[in-house]
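Inside the fold
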There are 2 protein chains.
Amino acid sequence: MIKVGIVEDNVKIRDLIQKYLDMQDNLSCKAAMDSVEDMLEYMEKNDPPDVMLMDIQLPGMSGIEGISIIKEKYPEVEIIMLTVYHDSHKIFNSLMAGASGYLLKHTSLPEIKESIETLASGGAPMSPQIARKVIQHFSDKQQVKKPESNLTPREQDIVNGLVDGLSYKLIADRYDISIDTVRAHIRNIYKKLHVNSKAEVIAKSLKGEI
Amino acid sequence: MIKVGIVEDNVKIRDLIQKYLDMQDNLSCKAAMDSVEDMLEYMEKNDPPDVMLMDIQLPGMSGIEGISIIKEKYPEVEIIMLTVYHDSHKIFNSLMAGASGYLLKHTSLPEIKESIETLASGGAPMSPQIARKVIQHFSDKQQVKKPESNLTPREQDIVNGLVDGLSYKLIADRYDISIDTVRAHIRNIYKKLHVNSKAEVIAKSLKGEI
DNA sequence: GAACAAATCACATAATCATGTTAGATACAT
DNA sequence: ATGTATCTAACATGATTATGTGATTTGTTC
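Figured I'd write up the structure that's included with this text. (Residues numbered from 1 in each chain as written. Chains lettered and ligands numbered in written order. Predicted model: local features only at pLDDT ≥ 70, side-chain atom pairs only at ≥ 80, totals over all residues. Heavy atoms only, no water.)

1. Looking at the sheet that holds strand β3 (residues 51-54) of chain B
All names here are of chain B. Taken together, the 5 strands give an open sheet; going across it, the order is β2-β1-β3-β4-β5, and neighbouring strands pair in parallel fashion. At either end of the open sheet lies a strand with only one pairing partner, and these are β2 (27-33) and β5 (101-104). The mean inter-strand angle of the sheet, taken between neighbouring strand axes irrespective of direction, is 20°. Pairing geometry for strand β1 (residues 2-7) and β2, over 5 bridges, is parallel. Considered in β2, the bridge of glycine 5 is made with alanine 31. The sheet contacts of helix α2 (residues 36-45) involve β1, β2 and β3, and relative to β2 the element is tilted by about 125°. (Pairing = 2+ DSSP bridges. Helix = DSSP H or I, 4+ residues; strand = E, 2+ residues; numbered from the N terminus. Axes fitted to C-alpha atoms, helices over the stretch in contact; angles between N-to-C directions. Contact = heavy atoms within 4.5 Å.)

Listed below in structure tokens is the structure:
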């Protein structure tokens, strides 16, 4: 019987996964918390789980910090990240912190179950897209073209400016165009990405969704 | 229709895989050679495959050498290693040479088929044991840089709101506090992180620097 | 119980952003 | 040559953000 723990702040997702896993013959899932802090408290008083599913974006401590702390105190616990983020920073930071697997949130319940079993038998579960990012890290940074960004080269420039935290004025300076042109590009970017704030563009970009 | 090629010197295995794959609706497997040299000759005269299954131990040139040569000449060909070797050197050398996947030879025919499809849709097929080795390669690295931002739990909540693309007003609603309180927290966050815009906070957060 | 961090709220103002409308110059494809 | 896409630019206005200066409450720590 494999003991599974969950750290996930979305109650609906957490409950769904917990119920599904606990229903399985070979799994038991009693510990489902919404923060690393709560999980640490739980593990003080109870048997630590064998495998832990962990979100990244959490109230309080982030899931990545959580990995380090949990692995330091309970090195035998295997941690699978279960998150929407597929940007390289988060992936590599997670793996370097000691995660043993990395799944995207669209992973189905049966696949999550399989992943836990894979982990228990010495493998490392990873969503194919994640594996791809990891592998790309090895291949001589041969920049493979990103999948269809829809954005024109100039629009991509503007996005890069936003990601660097620049104001419209500074972006205009960087590319030597007028601030109104920057506005115009940003309008078009918003339309293409279906967003309406700098914040969302930056988030999408850093999550690898552009 | 995905065109698949095979380089494998064991005739029985090669024929088995070829027949199985060629039988599939969405795959065609015409090129099955027993050496990289033969495959290169084939590709001179015919359309190169989209995906290639490659053994390592081969007569003549090794599969790993083969990757480099094939990728240089036909960079769009995706190569999956299919081999009995699971030692780190062979794995990493293959990936560094440009392989997009790595399967062990006990992989079943349906799994091989799935792997080809995974690859075609932008993922990277890897046997779980291989994934494990690859991941271990990361955790052996240095520790994750400690984000010493030292945000309070509430401040982290606010950051999460920003990352989700919310306005001050919506963050205030989410946590049931006044918009001026949100402002106050954000002021403090900016001071701690040495930034002065939402954009920078979001970028830092998504880059794992918080 | 003084000192301090954390969380809460208010008022004010300047800067920046989001969005609507309009339009000229290239370039490329049908 | 006509349409479509891209890059450029201006003007305008309401919304949102950034920043300054305060203040109260609730815990914790020394």
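2. Structural notes on the nonpolar core
Ranked by size, the top nonpolar core spans 108 residues in total, and within it A:Ile70, A:Val134, B:Ile70 and B:Val134 carry the most contacts. If we ignore the near neighbours within four places in the chain, the residues touching A:Ile70 are A:Val36, A:Leu40, A:Met43, A:Met52, A:Met54, A:Pro75, A:Val77 and A:Ile79. (Core = buried A, V, L, I, M, F, W, Y, C linked by side-chain atoms within 4.5 Å. Buried < 20%, exposed > 50% of the residue type's maximum accessible area, 1.4 Å probe, protein only.)

3. Notes on the protein's contact with DNA strand C
Looking at DNA strand C, there are 18 residues lining it, with A:Tyr168, A:Arg187, A:Tyr190, B:Thr152 and B:Ser178 nearest. For DNA strand C, the fraction of protein-proximal atoms (within 4 Å) that sit in sugar or phosphate groups is 56%. Between DNA strand C and the protein, one listed contact pairs a phosphate oxygen with a side-chain N or O atom of A:Asn196 at 3.5 Å. Within the contact set of DNA strand C, a phosphate oxygen lies 2.8 Å away from a side-chain nitrogen or oxygen of A:Lys198. Every element with two or more residues in the surface near DNA strand C is listed here: α9 (179-193) of chain A together with α7 (153-163) and α9 (179-193) of chain B. (Near = heavy atom within 4 Å. Polar contact = N/O pair within 3.5 Å; in protein donor to acceptor, adjacent residues only side chain to side chain.)

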